[in-house]
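Residues per chain, in single letters:
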Amino acid sequence: MFNAKAKAEILKDLIDVTSPLVNEVKFNVSEKGINLRAVDPAHVAMVDLTIEKDAFDEFKADEMELGVDMDKFAGIMRLASSGDSISLTYDDKANRLVIQIGNLVRKMALIDTAGMPDPKMPTLELPGKVVVKASELIQGVRASEAISDHLAISMNKDNFELFAEGDTDTVNLSLSKDMLEGLTSNGDCKSLFSIDYLSNMIKPVKSSEPLTIHLGNDNPTRVEFAIANKKGHVTYLLAPRIESE
Amino acid sequence: MGVKLGSLFPSEQISFKDLHDRIIVIDAYNVLHQFLATIRQRDGTALKNADGKITSHLSGLFYRSANLVQNKIKPVYVFDGKPHELKQETIDERNRRRLQAEKDWKDALEKGDTAKARVKAQQTSRVTEEIVAQSKTLLEILGIPYVQAPEEGEAQASYMVRKGDAYGVGSQDFDCLLIGSPVLIRNLTSSSKRKLPGKKAYVKVHPERIYLNQTLDKLGISQKQLVDMAILMGTDFNEGIKGIGPKKSLKLIKKNGNIENVISTIGSDEAPTFEKIKKIRSMFLNPKTTDDYELSWSQPDEQKLVYFLSEKYQFSEKRIESMLKKFEPIKEMKKQQTLF
């Protein structure tokens, strides 16, 4: 059994986090809420997302897996306006998710979850950790996207920095320890990342929320942030780019 | 070849940009066949080197791959393995037709009818073991990965997409949708014009994207029903029932639920037996696939490429050099690391 009711924004957050990375995803539903994990085909980014049952207005579920085509789900959710209350019910006879938006009932066929991947989260030892206001990072990524396809994130014990360089232009965002909500770094850390992935990643982030970035040297980054009115949690892993050999 | 489902499947016109940084699995036989059929001289003679060896496929594979990589698309080619026993009839039939076409081609040439000769010549093309081996060598030199399927290439390609190792299948056939690939990309060609078969007219072609699940929704059928529809119309593994095209097939399957009910209702004696239907269905729904592959791209080996294409097959060195420039995005791609 799965029966839930939520504001449209909660589900749109889930879609924004997941759909840039994968076509199909497996929702692991339990009495505690919904969890999903997705890796893009190129294995560059991984997202682990949990939405607690408290994020929903109503939530009742047994343990089960729902195979969802994200493009399709996103298309359906475009029919909803923000503030709409969306009801989701699993129809186990037809293997469909019944989505009710206002007076509209949309029955969405689910995908067979057999053979869908269960990606394992790689363990990463990352020496740097910063807690930064999301608005700062969003501004930095937006500025960089105009001039380059990659940017550098770096930190040391006093400072956090984001830097992008185009053919003629540069972008620099530098925040000292007192401007940050937290900073711990054993020595200097620096890694480069693709802006395409970063800008997809920040889409669902609320600008007032804090964002935790774990960083190493030429290592993947682990970024954590809250969604769904702090009742949801995202861990986003992104592999670095390496400067020319 | 393949099931004629095009008219039922809504496609979305896309550009190469929509496929940036995406991994596309290409059915190698499908493209090699295209190259052998279309890359020909005016009278239909295939491109050949001085020793009379066909080079159409090498030329096609080289230019196609260069063009994809230049557009930041990561191609993987999948080669067919051993054909399934059910396919033998289709293969025999194709061989018969090929022999006939060879005769017709020679006749047309003698009569000086170059237009007809070209059409007939196209029908003679055959992907031989030698052509496959040469193609694999070229891909290795180009630094482009390929996968050997245990059986059908389309099935392996679809499996890799379902597994999340690639974004979509690149093919002209719709068969990968029957096997459950969520995304099909058609017209992954470099030229934006395609000659209409048998006519002196050209149409503009663009890459197209077809989503499986959205299509099934639109048609109001399940994956299994789509396979049943295809069997009614005819697949690589069976002849269809005469007079049943896509529209009629859809209507019959929707009305009767599955192909067995349709056959019982219409009582056709050309229909495959229920036992054969079961076998064909499982070819599409549970095909043989492998996890034995590794996907990585590297820069072409320039020296080897010049030796292979220019020394052995007389490609112009200048042309090779200019095509090599198109592989530069690989360097950029290599900079992006992966999580595992």
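Rules and cut-offs
- Residues numbered from 1 in each chain as written.
- Chains lettered and ligands numbered in written order.
- Predicted model: local features only at pLDDT ≥ 70, side-chain atom pairs only at ≥ 80, totals over all residues.
- Heavy atoms only, no water.
- Domains from an automatic or database assignment.
- Contact = heavy atoms within 4.5 Å.
- Buried area = accessible area lost by both parts, 1.4 Å probe.
- Salt bridge = Lys/Arg side-chain N within 4 Å of Asp/Glu carboxyl O.
- Pairing = 2+ DSSP bridges.
- Helix = DSSP H or I, 4+ residues; strand = E, 2+ residues; numbered from the N terminus.
- Axes fitted to C-alpha atoms, helices over the stretch in contact; angles between N-to-C directions.
- Left-handed = near helix turned anticlockwise from the far one by under 90°.
- Nonpolar A, V, L, I, M, F, W, Y, C, P; charged D, E, K, R; others polar.
- Polar contact = N/O pair within 3.5 Å; in protein donor to acceptor, adjacent residues only side chain to side chain.
- pLDDT = per-residue confidence, 0-100.
- Buried < 20%, exposed > 50% of the residue type's maximum accessible area, 1.4 Å probe, protein only.
- Phe/Tyr/Trp six-rings, centres within 6.5 Å; stacked < 30°, edge-to-face > 60°.
- Lys NZ or Arg CZ within 6 Å of the ring centre and 35° of its normal.

Let's shift gears to the domain arrangement of chain A. Residue and element names in this part refer to chain A. Partitioning chain A into structural domains gives domain 1 (2-109) and domain 2 (128-238). Taken over C-alpha atoms, the centre of domain 1 sits 27 Å from the centre of domain 2. Between domain 1 and domain 2, the contact holds 19 residues from the first and 15 residues from the second. Here domain 1 and domain 2 share an interface that buries about 1,500 Å² over both sides, 60% of which is from carbon and sulfur atoms. The tally of links from domain 1 across to domain 2 stands at zero salt bridges.

Okay, the sheet that holds strand β7 (residues 85-91) of chain A next. Residues and elements named next belong to chain A. The five strands lie next to each other as β5-β1-β7-β8-β9, forming an open sheet whose pairing is antiparallel. Each end of this open sheet is capped by a strand with a single partner; those strands are β5 (58-61) and β9 (104-109). Across the sheet, the mean angle from the axis of one strand to that of its neighbour is 20°, orientation sign disregarded. With four bridges joining them, strand β1 (residues 2-7) and β5 adopt antiparallel strand pairing. Bridging across to β5, Lys-5 finds its partner in Glu-58. Contacts from helix α1 (residues 8-18) reach β1 and β7, with the element oriented near 100° to β1.

What follows concerns the packing of helix α3 (residues 134-145) of chain A against helix α4 (residues 195-202) of chain A. Residues and elements named next belong to chain A. Put simply, α3 and α4 touch, their axes get as near as 10 Å, and they point 140° apart. For the element pair α3 and α4, the recorded crossing hand is left-handed. For the pair formed by α3 and α4, the contact residues are Leu-137, Ile-138, Val-141, Arg-142, Ser-144 and Glu-145 on the first element and Ile-195, Leu-198, Ser-199, Met-201 and Ile-202 on the second. Within the contact of α3 with α4, the residues separate by chemical class into seven nonpolar, two polar and two charged.

Another aspect to go through is the interface of chain A and chain B. Each partner contributes to the interface: chain A provides 34 residues, whereas chain B provides 23 residues. Carbon and sulfur atoms make up 50% of the area that chain A and chain B hide from each other, which totals about 2,400 Å². Looking only at chain A, the three residues that lose the most surface to chain B are Pro-41, His-43 and Arg-241 of chain A, adding up to 23% of its buried area. Run the count over chain A and chain B and you get four salt bridges. The salt bridge partner of Asp-217 of chain B is Arg-106 of chain A, with a shortest N-O separation of 3.6 Å. At the boundary of chain A with chain B, the tally comes to 11 residue pairs in polar contact (both at pLDDT 80 or more). Among the elements of the structure, β4 (45-52), α2 (70-77), β9 and β18 (232-238) of chain A are those that each provide at least two residues to the side of chain A that touches chain B. Taken together, the residues that form the side of chain A that touches chain B break down as 19 nonpolar, four polar and 11 charged.

All names here are of chain B. Pairing is mixed in the open sheet, where seven strands are placed in the order β1-β9-β6-β5-β2-β3-β4. The strands lining the two open edges of the sheet, one partner per strand, are β1 (12-13) and β4 (146-148). Where strand β2 (residues 23-27) and strand β5 (residues 168-170) come together, three bridges link them in parallel fashion. The partner of Ile-26 across the bridge, within β5, is Gly-170. Of the strands in this sheet, β2 and β3 (74-79) touch helix α2 (residues 56-70), which is tilted by about 145° from β3.

All names here are of chain B. Averaged over all residues, the pLDDT of chain B equals 86, while 95% of them reach at least 70. Considering each helix and strand of chain B separately, the mean pLDDT is smallest for strand β7 (residues 193-195), with a value of 61, and largest for β4, with 97. Of the two predicted TM-score estimates for the complex, the pTM is 0.78 and the ipTM is 0.86.

Averaged over all residues, the pLDDT of chain A is 93; the fraction at 70 or higher stands at 99%. Per-residue pLDDT, averaged within each element of chain A, yields its smallest value for α4 of chain A (91) and its largest for β7 of chain A (97).

So, on to helix α6 (residues 153-162) of chain B. Residues and elements named next belong to chain B. With eight of 10 residues buried, α6 lies mostly within the body of the structure. Within α6, the full set of buried residues consists of Gly-153, Glu-154, Ala-155, Gln-156, Ala-157, Ser-158, Met-160 and Val-161. Where α6 is buried, its residues contact β2, α1 (28-38), β3, β4, β5 and α7 (175-179).

Here we come to the side chain of Thr-235 of chain B. All names here are of chain B. Tracing the sequence through the fold places Thr-235 in strand β10 (residues 234-235). Among the polar contacts made by the side chain of Thr-235, one reaches the main-chain amide nitrogen of Phe-237 at a distance of 3.0 Å. A polar contact is formed between the side chain of Thr-235 and the side chain of Asn-238, at a distance of 2.7 Å.

Inspection of the entire model under this criterion finds nine aromatic pairs over all chains. Centroid distance Phe-27 of chain A to Phe-73 of chain A: 6.3 Å. Interplanar angle 70°. Geometry classified as edge-to-face. With Phe-27 of chain A in strand β2 (residues 24-30) and Phe-73 of chain A in helix α2, this pair connects stretches of sequence that are 46 residues apart. Classification of Phe-73 of chain A as buried rests on a relative accessible area of 1%. Judged by centre distance (5.8 Å) and plane angle (85°), the ring pair of Phe-9 of chain B and Phe-174 of chain B falls under edge-to-face. Note that Phe-9 of chain B is positioned in the segment before β1 and Phe-174 of chain B in the loop between β5 and α7, a separation of 165 residues in sequence. Here the two residues Phe-9 of chain B and Phe-174 of chain B agree in accessibility, since each one is buried. Among the aromatic residues, ring-to-ring pairing joins Phe-2, Phe-56 and Phe-59 of chain A into one connected group. Its guanidinium or amino end placed over the ring of Trp-297 of chain B, Lys-74 of chain B lies 5.3 Å from that ring's centre, counting from NZ or CZ. When the ring centre of Tyr-63 of chain B is taken as origin, the NZ or CZ atom of Arg-319 of chain B, which lies over that ring, is 4.8 Å away.

Moving on, we come to the environment of Asn-238 of chain B. Residues and elements named next belong to chain B. Examined against the element boundaries, Asn-238 turns out to sit in strand β11 (residues 238-239). In the structure, Asn-238 is positioned 151 residues away from Lys-87 in sequence and 7.9 Å away in space, judged by C-alpha atoms. With near-sequence residues (within four places) excluded, Asn-238 lies in contact with Ile-231, Pro-272, Lys-276 and Ile-280. Polar contacts involving the side chain of Asn-238 include one to the main-chain carbonyl oxygen of Ile-231, which spans 2.9 Å.

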